[in-house]
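Spelled out from the first residue to the last, the chains are:
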Amino acid sequence: MDNIWLQIALAATMGMMLFFLYPRAKQWMQNGPKAEQGDWMAAVIPLLAVVGFVLLLIMLV
Amino acid sequence: MNRFNQTIAQPAQSALAVNKVIKNTYMLLSATLFFSAIMAMVSMFLAMPPMAYLISVIGAMLLGMFVLPRTANSSSGIGVIFLITGMLGFGLGAILTLYLQLPHGPQTIATALGGTGVIFLGLSGYALTSKRDFSFMGGFVFAGMLVMIVAIIANIFLQLPFLSLAISAGVMLLMSAYILFQTSQMMNGGETNYIFATYSLYMAIFNIFISLLQILGVFGGDD
């Protein structure tokens, strides 16, 4: 990433993305549905499977 | 009697609408991924410099923020989504050209591609069949995205290899969670626009592929 202007343009675009996402994040955090019992476990298991799968791929390559 | 019929008809209509959104989303997603792959091959054939990746990502992000929301409810939204995914595919080609020059480059690319496919199909299949509503992850996913964007902005200038790797790992997990969330949103009627749904899932797949490519590029092929 040698071109400083490209770096600045990318940072500015990411900054805009931050500005766009913030209201949505705030709304989901304040008014989004809350997890029920067992919900987080049901989400964490596939995410741990993804971690395990990536570790397997690292060993394979 | 009439009221009774309505209560049966409404969930049936809603289920039909949900099925239509899911079907259209996966069809459009397949088409955009195919188009993206063709654009990546074009970019590799032209031997585009790495700068093309940054320009494509900036252009696609601007289109995603300013043009797609204005066109997603009309047929022109389909043209915009193909433009975005085509640009990202073209940019990706420049990165793949770099990886192909590495000793284990072709193997790393193939593994990252296969791995991304398995992760996406596995998570989508899980979200579609588990009957659970993962909408509760919305706050976590969007807050995580904000943190990741701040870290990415910092690392554009700092260029710390360790932070770059941590960002890749974080983005991969976050996008995996986002696939569960987005698929659940489509199933439960939270997302009714298949163009937005396609854009979201495409971005998740794209980010997982790029992150996995970087992780495998760093850790893989030490023999």
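As annotated in an unreviewed UniProt entry, chain B is BAX inhibitor (BI)-1/YccA family protein from Sedimenticola selenatireducens. The record held by UniProt for chain B lists under Subcellular location (unreviewed entry) the comment "Cell membrane". Quoted verbatim from the Sequence similarities (unreviewed entry) field of the UniProt record, the comment on chain B reads "Belongs to the BI1 family."

A.B. asks: Tell me about the overall build of chain A, and please be specific about residues and values.
C.D. replies: What chain A contains, in helices and strands, is two helices and zero strands. Taking 10 Å as the expected radius of gyration for a compact globule of 61 residues, we find that chain A reaches 19 Å, considerably beyond that expectation. Overall, chain A is about 45 × 45 × 5 Å in size when its C-alpha atoms are taken along their principal axes. Here chain A holds 61 residues, and the buried ones make up 33% of them. If you sum the accessible surface of chain A, you get close to 4,100 Å²; carbon and sulfur atoms cover 70% of it.

A.B. asks: Residues and numbers for the packing of helix H3 (residues 76-100) of chain B against helix H4 (residues 105-129) of chain B, please.
C.D. replies: Residue and element names in this part refer to chain B. Interhelical geometry of H3 versus H4 gives an angle of 135° and a closest axis separation of 7 Å. It follows from the interaxial angle that H3 and H4 lie oblique. Residues Leu96, Tyr99 and Leu100 of H3 lie in contact with H4, whose contacting residues are Gly105, Pro106, Thr108 and Ile109. Among the residues making up the contact of H3 with H4, the classes are represented as five nonpolar, two polar and no charged.

A.B. asks: Explain helix H1 (residues 4-31) of chain A to me, using residue names and the numbers behind them.
C.D. replies: In a regular helix each residue adds 1.5 Å, so 28 residues correspond to 40 Å; H1(A) covers 40 Å between its end C-alpha atoms and thus fits that length. By the largest-angle criterion, Leu21(A) marks the main kink of H1(A), which is about 35°, and a proline, Pro23(A), follows within four residues. Restricting attention to buried positions, one finds in H1(A) the residues Leu6(A), Gln7(A), Leu10(A), Ala11(A), Thr13(A), Met14(A), Leu21(A), Ala25(A) and Trp28(A). Contacts made by the buried residues of H1(A) are with helix H2 (51-71), helix H5 (138-158) and helix H6 (161-187) of chain B. For H1(A), the side-chain oxygen to backbone nitrogen distance between the N-cap and Trp5(A) is 2.9 Å, and the N-cap itself is Asn3(A).

A.B. asks: Explain the pattern of salt bridges residue by residue, including any values.
C.D. replies: Counted under the stated rule, the structure contains one salt bridge over all chains. Arg132(B) serves as the salt-bridge partner of Asp39(A), at 2.8 Å between the closest nitrogen and oxygen. Remark: Arg132(B) occurs in the loop between H4 and H5 and Asp39(A) occurs in helix H2 (residues 39-60); the pair is interchain, linking two chains.

A.B. asks: Which residues make up the UniProt feature "transmembrane region" (unreviewed entry) in chain A, and what values go with them?
C.D. replies: All names here are of chain A. The feature "transmembrane region" (unreviewed entry), as annotated in UniProt, sits at residues 6-22 and 42-60 in this numbering. Split by type, residues 6-22 is 100% helix and 0% strand. Its first and last C-alpha atoms lie 24 Å apart. With 100% helix and 0% strand, residues 42-60 has its two end C-alpha atoms placed 28 Å apart.

A.B. asks: Quick rundown of the interface of chain B and chain A? Include the residues and the values.
C.D. replies: Chain B puts 49 residues into the contact, and the matching count from chain A is 40 residues. Taken together, chain B and chain A are joined by three residue pairs in polar contact (both at pLDDT 80 or more). Elements that contribute at least two residues to the side of chain B that touches chain A include exactly H2, H4, H5, H6 and helix H7 (194-219) of chain B. Looking at the side of chain B that touches chain A element by element, the count peaks at 13 residues for H5(B).

A.B. asks: Describe in detail the packing of aromatic side chains, supporting the description with residues and values.
C.D. replies: Applying the stated criterion to the full structure yields 13 aromatic pairs over all chains. On the basis of an interplanar angle of 90° and a centroid distance of 5.9 Å, the ring pair of Phe142(B) and Phe181(B) is categorised as edge-to-face. With Phe142(B) in helix H5 and Phe181(B) in helix H6, this residue pair connects regions lying 39 residues apart in the sequence. A network of ring pairs unites the aromatic residues Trp40(A), Tyr126(B), Phe134(B), Phe136(B) and Phe140(B) as a single cluster.

A.B. asks: Let's hear about unusual backbone geometry: which residues, and what values?
C.D. replies: All names here are of chain B. Despite not being glycine, Ala47 shows a phi value in the positive range, around 50°. If you trace the backbone, Ala47 turns up in the loop between helix H1 (2-45) and H2. In this structure, Gln159 is a non-glycine residue whose phi angle is positive, near 50°. One can find Gln159 in the loop between H5 and H6.

Basis of the calculations
Residues numbered from 1 in each chain as written. Chains lettered and ligands numbered in written order. Predicted model: local features only at pLDDT ≥ 70, side-chain atom pairs only at ≥ 80, totals over all residues. Heavy atoms only, no water. UniProt positions renumbered as here; feature names shortened; annotations may be inferred. Helix = DSSP H or I, 4+ residues; strand = E, 2+ residues; numbered from the N terminus. Rg over C-alpha atoms; globule rule 2.2 N^0.38 Å. Buried < 20%, exposed > 50% of the residue type's maximum accessible area, 1.4 Å probe, protein only. Areas by Shrake-Rupley, 256 points an atom, 1.4 Å probe, with all protein chains shown as cover. Axes fitted to C-alpha atoms, helices over the stretch in contact; angles between N-to-C directions. Parallel < 35°, antiparallel > 145°, perpendicular 65-115°, else oblique. Contact = heavy atoms within 4.5 Å. Nonpolar A, V, L, I, M, F, W, Y, C, P; charged D, E, K, R; others polar. Expected span 1.5 Å × (residues − 1). Bend = angle between axes of the 7 residues up to and from the residue. Polar contact = N/O pair within 3.5 Å; in protein donor to acceptor, adjacent residues only side chain to side chain. Salt bridge = Lys/Arg side-chain N within 4 Å of Asp/Glu carboxyl O. Phe/Tyr/Trp six-rings, centres within 6.5 Å; stacked < 30°, edge-to-face > 60°.

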